[in-house]
Amino acid sequence: MNKFNCLLYHQIKNNGDKYTLSQSSFIRQLDLINSHRYNATSIDKIGMKDSFNGVAITFDDGFKSDLWVGEKLLEYGYSATFYLVKDFIESNSKIYLNRQHVKQLAIMGHEIGVHGKTHDAWTLKPKDIVLTELIETKNWLEDLTGVEVSTCSAPGGKINREIIEELTQNDQFKSVRNSIPWFNSINAFEINATVILRDDYDSSFLKKLNGDTLYYNYLFSKQKLKDRVIKKLIEK
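In short, a report on the structure. (Residues numbered from 1 in each chain as written. Predicted model: local features only at pLDDT ≥ 70, side-chain atom pairs only at ≥ 80, totals over all residues. Heavy atoms only, no water.)

Description of helix H3 (residues 65-76)
Logical step 1: When the terminal C-alpha atoms of H3 are compared, their 17 Å separation across twelve residues agrees well with the 16 Å that a helix rising 1.5 Å per residue should span.
Logical step 2: Burial in H3 covers these residues: Ser-65, Asp-66, Leu-67, Val-69, Gly-70, Lys-72 and Leu-73.
Logical step 3: Among the structural elements, strand E2 (11-12), helix H1 (23-35), strand E5 (54-60), strand E6 (81-85) and helix H5 (99-108) are those in contact with the buried residues of H3.
Logical step 4: Count one or two residues on from H3 and you reach Gly-77, which has phi positive near 80°. (Helix = DSSP H or I, 4+ residues; strand = E, 2+ residues; numbered from the N terminus. Expected span 1.5 Å × (residues − 1). Buried < 20%, exposed > 50% of the residue type's maximum accessible area, 1.4 Å probe, protein only. Contact = heavy atoms within 4.5 Å.)

Focus: the pairing of strand E7 (residues 111-116)
Logical step 1: For E7, the tally of buried residues reaches six of six residues, placing the bulk of the element in the interior.
Logical step 2: Here five bridges tie E6 to E7, and the two strands are oriented parallel to one another. Within the sheet, the bridge partner assigned to Val-85 lies in E7 and is Gly-116. (Pairing = 2+ DSSP bridges.)

Some points on the state of the cysteines
Logical step 1: A full pass over the atoms with the stated rule returns zero disulfides.
Logical step 2: Summary of cysteine pairing: Cys-6 is not part of a disulfide, and the nearest cysteine sulfur, belonging to Cys-152, is at 13 Å. (Disulfide = S-S within 2.5 Å.)

Structural notes on the packing of aromatic side chains
Logical step 1: Overall, the coordinates contain 13 aromatic pairs when judged by the stated rule.
Logical step 2: Measuring from centroid to centroid gives 5.0 Å for Tyr-9 and Phe-59, while their planes differ by 15°, and the two rings are stacked. Of this pair, Tyr-9 sits in strand E1 (residues 3-9) while Phe-59 sits in strand E5, and the two are 50 residues apart along the sequence. The residues Tyr-9 and Phe-59 share a single accessibility class, namely buried.
Logical step 3: Between Tyr-76 and Tyr-78 the ring centres are 5.8 Å apart and the planes differ by 20°, which places this aromatic pair in the stacked class.
Logical step 4: For Tyr-78, a relative accessible area of 5% corresponds to the buried category.
Logical step 5: In this structure an aromatic cluster arises from ring pairing among Tyr-9, Phe-26, Phe-59, Trp-68 and Phe-82.
Logical step 6: A cation over an aromatic ring shows up here: Lys-138 above the ring of Phe-173, its NZ or CZ 5.6 Å from the ring centre. (Phe/Tyr/Trp six-rings, centres within 6.5 Å; stacked < 30°, edge-to-face > 60°. Lys NZ or Arg CZ within 6 Å of the ring centre and 35° of its normal.)

A closer look at a positive patch on the surface
Logical step 1: A cluster of basic side chains, namely Lys-18, Lys-158, Lys-222 and Lys-226, defines a positive patch on the protein surface.
Logical step 2: Topologically, Lys-18 is positioned in the loop between E2 and strand E3 (20-21).
Logical step 3: You can call Lys-18 partly exposed: its relative accessible area is 45%. (Patch = residues over 30% accessible without salt bridge, like charges linked within 9 Å, V, L, I, M, F, W, Y side chains within 5 Å. Areas by Shrake-Rupley, 256 points an atom, 1.4 Å probe, with all protein chains shown as cover. Salt bridge = Lys/Arg side-chain N within 4 Å of Asp/Glu carboxyl O. Lys, Arg positive; Asp, Glu negative; His and termini not counted. Charge placed at Lys NZ, Arg CZ, Asp CG, Glu CD.)

Note that every value here comes from positions in space, so none of it alone points to a role or purpose.
Encoded structure:
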């Protein structure tokens with residue numbers, strides 16, 4: 001298969017907001033991936049293949065639970081892409097990864113990606129500032145981990161054609177991930193991602209995992225409607 005789905009997670013915690021899954025829920029989803037005989041891996045490893053039967057797993061923001069996730073994925077023979085924010089790592093916060101944790105994720109073999117120097121929306125900044133901050137964070141992460149960093153993701157999934165064109169013309173990144181629920185072709189530059197929510201029980205998770213076309217059409221339309229409403233509110 002030359003198409004794949006990308007799943008977007010945030011924090012693994014037993015109590016949290018709608019973007020937070022409990023440890024038991026995440027393990028249940030890994031079991032479902034395994035029982036359906038799918039592979040689950042990072043974006044860079046999919047780019048090395050001619051065909052792929054599985055999903056890309058990605059995590060945003062760099063919560064401390066990523067370290068537990070990284071170890072749990074290895075138990076299943078899986079890997080993931082972890083998109084990190086430089087300012088969060090350097091904040092010495094109890095909820096985010098620190099430098100040593102990031103090194104550990106890289107040693108485990110997981111892909112490290114850029115989620116920004118800050119967590120500010122890229123669309124609220126001049127595109128040259130966005131690119132400068134992304135390259136700065138990419139170089140910083142490469143110096144920290146000793147591995148290549150070639151993918152980035154937009155905070156809040158907020159990205160526009162102007163920024164994508166700028167990233168495409170620049171040779172620093174091989175992919176950029178958004179939060180638009182849709183399918184991807186292997187080696188696509190812009191990666192669409194479906195957010196996994198706390199209320200995604202077996203039925204909805206399996207639709208996202210299996211690439212149910214009707215369900216993805218519904219999610220895509222819902223996202224577009226949400227974006228239009230937000231745009232109108234901003235314009236007022």
